[in-house]
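So the chains spell out like this:
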Amino acid sequence: MSFSSDVKKELCQIIPKAIHCKYAELAGILSVNGRTEDIDGKKVLIIRAENEMLEELIKKLLSIVFKTEADDIVLVNEKMHHRKLVISRDELINDIYKRLKVSDDLSNRLLVDSFVTERSCCKKSYLRGVFIAGGYLGSPEKNYQMELSLVSKNEADKLSSIIRSEHLSCRTSKRRDRYIIYIKDGDTISGLLSVMGAANSMMEFENIRIYKDLRNVVNREVNCDTANLAKTASAAAKLIDDIKYIRDNGGLDMLSDSLKETAIYRLEYPTLSIKELGELFTPVVGKSGMNHRLRKLSQIAEELRNNQKD
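Once a new chain begins, its residue numbering starts again from 1 and follows that chain's sequence as written. Reporting in this predicted model follows two pLDDT cut-offs: at least 70 for local features of residues, and 80 or more for side-chain atom pairs to be given and counted; totals over whole chains, interfaces and linings ignore these cut-offs and use all residues. Think of the side-chain values as coming from all heavy atoms in the structure, minus any hydrogens and water.

**Some details on the overall build of the protein chain**
Then, in step 1: By the criteria applied, helices consist of DSSP H or I runs no shorter than four residues and strands consist of E runs no shorter than two, each listed in order from the N terminus. Counting its secondary structure elements, the protein chain contains 11 helices and 10 strands.
Then, in step 2: The globule rule puts the C-alpha radius of gyration for 310 residues at 19 Å, and the 36 Å found for the protein chain is more than 25% above it.
Then, in step 3: Residue burial is assigned from relative accessible area. The probe radius is 1.4 Å, only protein chains are included, and a residue is buried under 20% of its type maximum, exposed over 50%, and partly exposed in between. Looking at the 310 residues of the protein chain, the share that counts as buried comes to 43%.
Then, in step 4: Only heavy atoms matter for contacts: two residues are in contact if any of them lie within 4.5 Å across the pair. Restricting the contact set of the protein chain to residue pairs at least 6 apart, pairs at least 24 apart contribute 63%.
Then, in step 5: Accessible surface area values rest on a Shrake-Rupley calculation with a 1.4 Å probe, where residue burial reflects the displayed protein chains alone. Accessible surface, the protein chain as shown: approximately 17,200 Å² in total, 50% of it carbon and sulfur. Put simply, the radius of gyration uses C-alpha atoms, and a globule should come to 2.2 Å times the residue count raised to 0.38.

**Focus on helix α1 (residues 3-12)**
Then, in step 1: Counting buried positions over the 10 residues of α1 gives seven, a clear majority of the element.
Then, in step 2: Residues of α1 that are buried include every one of Phe3, Ser4, Val7, Lys8, Glu10, Leu11 and Cys12, and no others.
Then, in step 3: Turning to α1, the residues buried within the fold contact α3 (52-66), α5 (120-134), β7 (135-137), α7 (186-196) and α8 (199-249).

**Topic: the packing of aromatic side chains**
Then, in step 1: Two aromatic rings, drawn from Phe, Tyr or Trp (for Trp, its six-membered ring), form a pair once their centres lie within 6.5 Å of each other, and the interplanar angle then sorts them: stacked below 30 degrees, edge-to-face above 60, tilted otherwise. Evaluation of the coordinates by the stated rule reveals four aromatic pairs.
Then, in step 2: Seen from their ring centres, tyrosine 144 and phenylalanine 205 are 5.6 Å apart, and the 55° between their planes marks the pair as tilted. Of this pair, tyrosine 144 sits in the loop between β7 and β8 (146-150) while phenylalanine 205 sits in helix α8; the two residues are 61 residues apart in sequence, bridging distant segments of the chain.
Then, in step 3: Between tyrosine 265 and tyrosine 269, the aromatic rings sit 6.4 Å apart at their centres with planes inclined by 40°, giving tilted as the arrangement.
Then, in step 4: Owing to a relative accessible area of 32%, tyrosine 269 belongs among the partly exposed residues under this scheme.
Then, in step 5: Each residue in the set Phe3, Tyr144 and Phe205 is aromatic and connected to the rest through ring pairs, giving one cluster.

**Some words on the nonpolar core**
Among soluble globular proteins, nonpolar side chains are generally buried collectively.
Then, in step 1: Counting 63 residues, the largest nonpolar core has Leu159 and Leu193 as its most contacted members.
Then, in step 2: Those residues in contact with leucine 159 that lie beyond four places of it in its chain are Tyr126, Leu127, Val130, Leu148, Leu150 and Ile181.
Then, in step 3: Formed by 13 residues, the second largest nonpolar core is a distinct cluster that contains Leu239, Leu252, Leu294 and Leu297. Side-chain atoms within 4.5 Å link the members of a nonpolar core, which is a set of buried Ala, Val, Leu, Ile, Met, Phe, Trp, Tyr and Cys residues.

**Quick word on the sheet that holds strand β9 (residues 171-175)**
Then, in step 1: Any two strands with at least two DSSP-identified bridges between them are counted as paired. Taken together, four strands build an open sheet; the order of strands is β7-β8-β10-β9 and the sheet is antiparallel. Each edge of the open sheet carries a strand with a single partner, namely β7 and β9. For this sheet, the mean inter-axis angle between neighbouring strands, taken without regard to orientation, is 25°.
Then, in step 2: For β9 and strand β10 (residues 178-183), the ladder comprises five bridges, and the chain directions are antiparallel. Bridge pairing in β10 links threonine 172 to isoleucine 181.
Then, in step 3: Fitted lines through C-alpha atoms serve as axes, helices being fitted only where they are in contact, and the angles separating the N-to-C directions of these axes extend from 0 to 180 degrees. The strands that α5 touches are β7 and β8; relative to β8, the one it contacts most, it runs at about 90°.

**As for the pairing of strand β1 (residues 34-39)**
Then, in step 1: Of the pairings in the sheet, the one linking β1 to strand β2 (residues 42-49) comprises six bridges and is antiparallel in character. Paired with arginine 35 across the strands is isoleucine 46, a residue of β2.

**Some remarks on the environment of glutamine 299**
Then, in step 1: Tracing the backbone through its elements, the reader meets glutamine 299 in helix α11 (residues 287-309).
Then, in step 2: Taking the C-alpha atoms as reference points, glutamine 299 and aspartate 242, separated by 57 residues in sequence, lie 8.7 Å from one another.

**Examining the packing of α5 against helix α6 (residues 153-165)**
Then, in step 1: Here α5 crosses α6 at 125°, and the two axes come no closer than 10 Å. Accordingly, the angle class assigned to the pair α5 and α6 is oblique. Along this stretch, α5 crosses α6, giving a crossing that reads as left-handed. Across the interface between the two elements, Lys123, Tyr126, Leu127 and Val130 of α5 pack against Glu155, Lys158, Leu159, Ile162, Ile163 and Ser165 of α6. Here roughly perpendicular refers to angles of 65 to 115 degrees, roughly parallel to angles under 35, roughly antiparallel to angles over 145, and oblique to all remaining angles. Here a crossing is taken to be left-handed if its near helix is turned anticlockwise relative to the far helix by less than a right angle, and right-handed if that turn runs clockwise.

**What to know about the environment of isoleucine 274**
Then, in step 1: Within the secondary structure, isoleucine 274 sits in helix α10 (residues 274-278).
Then, in step 2: The exposure class of isoleucine 274 is partly exposed, given its relative accessible area of 26%.
Then, in step 3: Sequence separation of isoleucine 274 and lysine 287 is 13 residues, and the distance between their C-alpha atoms is 6.1 Å.
Then, in step 4: Look past the residues within four positions of isoleucine 274 in its chain and what remains in contact with it is Lys287, Met290, Asn291 and Leu294.

**Notes on the side chain of arginine 266**
Then, in step 1: Within the secondary structure layout, arginine 266 lies in helix α9 (residues 257-268).
Then, in step 2: At 7.2 Å, glutamate 276 is the nearest oppositely charged side chain to arginine 266, a buried residue that forms no salt bridge.
Then, in step 3: Engagement of the side chain of arginine 266 in a polar contact is seen with the backbone oxygen of proline 270, the distance being 3.3 Å.
Then, in step 4: If we ignore the near neighbours within four places in the chain, the residues touching arginine 266 are Leu239, Ile240, Ile243, Thr271, Leu272, Leu277 and Leu294. As used throughout, the charge tally considers Lys and Arg to be positive and Asp and Glu to be negative, leaving His and the chain termini uncounted. By salt bridge we mean one thing: a side-chain nitrogen of Lys or Arg within 4 Å of a carboxyl oxygen of Asp or Glu. Any N or O atom pair separated by 3.5 Å or less is treated as a polar contact, with the protein-specific requirement of one donor-capable and one acceptor-capable atom, and with residues adjacent in sequence counted only for side-chain atom pairs.

**Brief notes about the pattern of salt bridges**
Then, in step 1: Summed over the entire model, instances satisfying the criterion amount to 20 salt bridges.
Then, in step 2: For glutamate 147, the salt bridge is made with arginine 175, and the minimal N-O distance between the two is 3.2 Å. Here glutamate 147 is found in strand β8, whereas its partner arginine 175 is found in strand β9, with 28 residues between them in sequence.
Then, in step 3: For arginine 175, a relative accessible area of 35% translates into the label partly exposed.
Then, in step 4: Of the charged contacts, one joins arginine 209 and aspartate 187 as a salt bridge, the two residues approaching to 2.9 Å between their closest N and O atoms. Separated by 22 residues along the polypeptide, arginine 209 in helix α8 and aspartate 187 in helix α7 bring together distant segments of the chain.
Then, in step 5: What emerges from the salt-bridge pattern is a single network uniting Lys238, Asp242, Glu302 and Arg305.

Following this line, the structure appears as structure tokens:
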């Protein structure tokens, strides 16, 4: 299963305690997956359910809130991943419209009145219902991206307001006939998972984030160390070339005793660090002193090259 499916599975197991929160969660699901149709002159309510998990949640909430019977809801399988629950009893449809404060738009999609989400607890339940019905969360191992798909700008604006009321930020864009609320910030996604009640998923999300951050730090340090080693190796190779150039174009005897001894030791022990090289001398020469001698050797080699050019 995908990370998004795992989150939805956890959320589907949460049944709000208060009746008004049950209304809000059902309203959230209907705002995404609900619509009406006229079949043979009769109005029916259709609720799309992409899988059995969502289907069972919808049936359970309807049975608790509206005391529905088994024959009140008919399951129709249109094709793969297109399951729909059909409600045709007029009294039940009218009751759903009245208690969930929903209405039809011009395209027979359902709009939810803001009254349903006035309470803070209901906002969370509504958000949970919208995510279960039309949400997506990418794997945090790859990137941080959460999307909520709404059927109208009105519903998108309302949901954006609910998210911001939790001191979280989001953006909205239009994609074909849908309005998409998207979040690409890890802290905000973690906050929304917590708000919706997905405690286990939030912890898993945070664990992956911590691992990724540590891995990135290690990679940066390794890359930095590798770059430093390459730089050091390049500088050491150039110094060896400089000393050999002095030896072949003027002779090491032209150097002072200290520089000659330094050149001989460097040629003899090319892999020693500057500190280790200094410890070969009696008395020991410190890193600063060794750096000065090595720079002087490179300077002499450069002067010899320039003289050769002239």
